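# Residue-level structural notes
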Amino acid sequence: MNPLFPALESASAKPALRFTDRTLSYARLAAVAAPLARRIAGQERVAVWATPTPETAVAIVAALLAGVPAVPVNPRTGERELDHLVLDSSPGLVLAGPRDTLPGALTVFPRLDAALPPEGTGPGEQEPAEPIPPDTFDPESPALVIYTSGTTGPPKGVVLSRRAVTATLDTLAEAWHWTGEDVVVHALPLFHVHGLVLGTLGPLRLGGTVHHLGRFSPAAAAEALGGEGTALFAVPTMYHRLAEALEEDPGLARPLAGARLLVSGSAPLPLPDLRRIEEATGRRVIERYGMSETLMNTSVRPDGPPAPGTVGVPLPGVQVRLVDDAGTPLPPGEAASPGEIQVRGPNLFTEYLNQPEATEAAFTEGWFRTGDLATRDATGNYRIIGRRSTDLIKSGGHRIGAGEIENALLDHPGVAEAAVTGEPDPDLGERIVAWVVLRASAGPVTEQELTAHIAGQLAPHKRPRTVRFRDSLPRNDLGKLLKRELR
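Residues numbered from 1 in each chain as written. Predicted model: local features only at pLDDT ≥ 70, side-chain atom pairs only at ≥ 80, totals over all residues. Heavy atoms only, no water.

Let's shift gears to the pattern of salt bridges. Applying the stated criterion across every chain yields a total of 17 salt bridges. A salt bridge links E247 to R276; its shortest N-O distance comes to 3.0 Å. Here E247, found in helix α8 (residues 236-248), pairs with R276, found in helix α10 (residues 271-281); they are 29 residues apart in sequence, far enough to count as distant. E247 sits in the exposed class, given a relative accessible area of 53%. For R275, the salt bridge goes to D411, with nearest N and O atoms at 3.4 Å. In this pair, R275 sits in helix α10 while D411 sits in the loop between α13 (402-410) and β24 (415-425), placing the two residues 136 residues apart along the sequence. D411 sits in the partly exposed class, given a relative accessible area of 34%. One salt-bridge network, in which partners are shared between bridges, spans E244, E247, D273, R276 and R439. (Salt bridge = Lys/Arg side-chain N within 4 Å of Asp/Glu carboxyl O. Helix = DSSP H or I, 4+ residues; strand = E, 2+ residues; numbered from the N terminus. Buried < 20%, exposed > 50% of the residue type's maximum accessible area, 1.4 Å probe, protein only.)

Given below as structure tokens:
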């Protein structure tokens, strides 16, 4: 039995991949992935042109079956970043869909297309398949190389072992009661951990079904959940759109209320959106916390007590601690002051590709230094404050987390989006700056009104000294705020 994907050997007619109107059964997935795996066996690495299509999923599965590390490439990557990725990873060949047009930086490598059965072929129609290649690979051998977003320099290639991938998926299956009966609905990109590892490899490992929407919309998500879908994996931007749509169309609530699991990740989910969805559907959105280097670290338990605004407790087998500015661990139990999150466990990455010094600097005594700040409550739930580099504001002798102020701003009925940063101030050290997008339906909202709103909810030293109104806020492919572009 294949240790990564046991269901592939079943030759089952059960749907494995559903992308809009194209469906592949487990039998068909095995039929196309096994011969592709044999053709790429022996390569040091392969790049995968990671479009949101079944061809990408087939290419990744084939690479894993062959024991060849796959490097997912964002099709929207800029020329300079792509040049760096190609030079750094040196793929032996590029896997793509037959209709894909590749940029010049990838055309210098041999290309191999992930060709699928003709469209419209039913998932129940089986065809003879080559045997799945035997999996004799070391669990510590690399499975994926995921490139970071490059917020502090050129993107780094995060090498994830087969052990890290399986450890994360198996602990999430335990924590979420996730089984092969689940149909995971999502519209996430397939070059990040959330959409690729959790949203695609997770269902395939468990023998379930991936239902990729292609492009996210509240109506499409509701339709899928009203059908066979049992779980929705999405990012806060998507849940914000759902919360807005639920107010305009209460009929969307019924399919969402029927979902077994609603999961949010990749960025903190604003509390106002979480509350609006729960009030409309009766379903809690579960938040989890992870990153490329660690895969998943913590999660709210769906069968546990409510923990709104937190990312829950450590997953089985994962150790999490908070340290102060000097690197001293904060005592176990409640930690009201922000500390940096450090992690260790089987979910951790192996190294940054070709960067031994960066790899060594990322660890301290076996603990990975995430650079994320959090507090911990008395029940062990972690509340993410944000990145140390962008979300911790030191103003007037106080250490202030931007996320708390952002949530308070979003509680104002006229605010659609909010970001909070710090800027140098000769008196305070840093002053708090709020960047605000107003709702289209909002009447006039002034800077004074918003600062008074914050002062009424939080301590006086947390009120913004400056409010800047914007038509939109800069975000990446997963909807994360790009605060460096606001500075």
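On we go from here.
Right, let's get into the confidence of the model for the protein chain. Per-residue pLDDT for the protein chain has a mean of 90; in total, 95% of the residues score no lower than 70. Across residues 120-126 the pLDDT falls below 50, and counting only partners more than four positions away or on other chains, this stretch makes 12 contacts in the model. (pLDDT = per-residue confidence, 0-100. Contact = heavy atoms within 4.5 Å.)

Following the sequence through the fold, R111 ends up in strand β6 (residues 111-113). With a relative accessible area of 36%, R111 lands in the partly exposed category. At 2.8 Å, the side chain of R111 forms a polar contact with the backbone oxygen of G97. (Polar contact = N/O pair within 3.5 Å; in protein donor to acceptor, adjacent residues only side chain to side chain.)

We note that T20 has phi near 45 degrees; this positive angle belongs to a residue other than glycine. Considering the arrangement of structural elements, one finds T20 in the loop between β1 (15-19) and β2 (22-25). Its identity as a non-glycine residue notwithstanding, S266 has a phi of 80 degrees, on the positive side. In this fold, S266 is placed in the loop between β12 (261-264) and α10. Exposure remark for S266: the relative accessible area of 17% places this residue in the buried category.

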